[in-house]
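# Descriptive analysis of the structure
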Amino acid sequence: MLRTVSVLALTLAIAQPAFAQTPPPVPEASRAHPANWPQASSPDAMSDARTEAFVADLLARMTVEEKVGQTIQADIASIKPEDLLTYPLGSILAGGNSSPGGDERASPQAWVDLARAFRAAAAARPGARVPLIYGIDAVHGHNNVVGATIFPHNIGLGAARDPDLIRRIGEATALEVAVTGADWTFGPTLAVPRDDRWGRSYEGYAEDPEVQRSYAGPMTLGLQGELSPDHPLAPGRIAGSAKHFLADGGTHNGKDQGDFVGSEQELIDIHLGGYVQAIDAGVLSVMASFSSWNGFKHSGNSTILRDVLHGPLGFDGFVVSDWNAHGQLPGCSNESCAAAFNAGIDMFMAPDSWKPLYENTLAQVRSGEISMARLDEAVTRILRAKVKAGLFEIGRAHV
């Protein structure tokens, strides 16, 4: 939860109408009960006193426009560096089909040049200087970039039953991502595939969650290294994102983005998989799943995203949504979804819908549909992760 909130933010939060802080109601069949879940905790080094003081000071100096910008992520195929001179976005990503200039055979240097252009534009914008966090799906090595080292997909790595190998793969992947300009990967993937008809079953390590439990910590530490209160991630290390929370591998008949039909205890025993271990190892972000539990989308389920994740699981990082997943919630579209934000999504992955989503989210904060307290909480979590990832370090070698 938010540890430090400015007096102004608290005053604004009190002034908001009651509905502003109320997430969408969750049906009983899809309601998680925190007392049933195991305990985990982000390391103390994620939210040490120096980090929290820095974040609180920066948050107090940010405009509402800058805060909302931190919650929006655009894909490189749908945004240009010069857009950042107007829109104070906090993140970009390179999706699986996105590349510099649309060239899937682009050279590593082209990837570096693109990253430099976006970072330079973000730094040139007046106001609070908050660096971008730049994510990419490096899910079996840095697989988007020609010439990178490619490793077997997770289904093959699961068969190896070798946690130390997983750690070393994480280290190699992080280094190759870092030298081509990104600083965040959307992994480890901790899905527990239970139906081979699921088209993404190869992305899971195994149908036995014990394999995920043994791999999640080593992969997180391979990508990030150990968090420290004294310094951020070392050069050559990148932020991770445990995904897809929760039960993306357990959908009925293996339907992608489908519905897990089952009990809360099954969620815990099977599909929680390695999330406890990833959180204990310090993973800086968690990606919410497209999928549902008993008919209710996870990206709108506050009992999963807030009550459990920030309760017994003790997660202090931020929650990012999947590719326009917020648009699948009832009453929402890709361009507008206060419900997902109020339920616990801290950053919208809005690859091609980022501009209207930014405008609508800003309007929802101003109207009170999203409270200032909720916005400050989300931005605090994002800034915290950026600090720990080293993005604010003067002289850090962002290529």
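Everything discussed here concerns the structure shown above.
Now for a description of the structure that goes with this document. All values reported here derive from a predicted model rather than from experimental measurement.

## Topic: the packing of aromatic side chains
Centre-to-centre distance and the angle between the planes together describe a pair of aromatic rings. For the coordinates displayed, the defined rule picks out 8 aromatic pairs. Geometrically, the ring pair formed by W184 and F186 is edge-to-face, given 5.0 Å between the ring centres and 70° between the ring planes. Note on accessibility: W184 and F186 belong to one class, buried. Consider the rings of F245 and Y275, whose centres lie 5.0 Å apart with planes at 75°: the pair is edge-to-face. Of the two residues, F245 sits in strand β5 (residues 241-245) while Y275 sits in helix α9 (residues 275-280), which places them 30 residues apart along the sequence. Like Y275, F245 is buried. Of the aromatic side chains, those joined through ring pairs into one cluster are Y87, W354 and Y358. Its guanidinium or amino end placed over the ring of F341, R374 lies 4.6 Å from that ring's centre, counting from NZ or CZ.

## Some remarks on unusual backbone geometry
Cis geometry marks the peptide bond from G187 to P188; its omega dihedral reads 15°. Examined against the element boundaries, P188 turns out to sit in the loop between β4 (184-185) and α7 (209-224). Of note in the backbone geometry, N294 takes a positive phi value of approximately 50° without being a glycine.

## What about the nonpolar core?
Residues W37, Y134, F245, L313 and F348 are the most contacted members of the largest nonpolar core, which totals 93 residues. Membership of the second largest hydrophobic core comes to 19 residues, among which are I133, L233, F318 and M349.

## Concerning empty space enclosed by the protein
Applying the stated criterion across every chain, the model contains 4 cavities of 30 Å³ or more. Only α5 (154-160), α6 (163-178) and α7 provide two or more residues apiece to the lining of the largest cavity. Split into classes, the residues belonging to the lining of the largest cavity amount to 9 nonpolar, 7 polar and no charged. What lines the second largest cavity is simply W198, R200, H244, D248, D256, Q257, S289, F290, S291 and D322.

Procedures and definitions
- Residues numbered from 1 in each chain as written.
- Predicted model: local features only at pLDDT ≥ 70, side-chain atom pairs only at ≥ 80, totals over all residues.
- Heavy atoms only, no water.
- Phe/Tyr/Trp six-rings, centres within 6.5 Å; stacked < 30°, edge-to-face > 60°.
- Buried < 20%, exposed > 50% of the residue type's maximum accessible area, 1.4 Å probe, protein only.
- Helix = DSSP H or I, 4+ residues; strand = E, 2+ residues; numbered from the N terminus.
- Lys NZ or Arg CZ within 6 Å of the ring centre and 35° of its normal.
- Core = buried A, V, L, I, M, F, W, Y, C linked by side-chain atoms within 4.5 Å.
- 1 Å grid on protein atoms, 1.4 Å probe; cavity = no way out; pocket = protein on both sides within 12 Å on 5 of 7 lines; lining within 4 Å.
- Points joined across faces, edges and corners; volume = space filled by probe spheres on them.
- Nonpolar A, V, L, I, M, F, W, Y, C, P; charged D, E, K, R; others polar.

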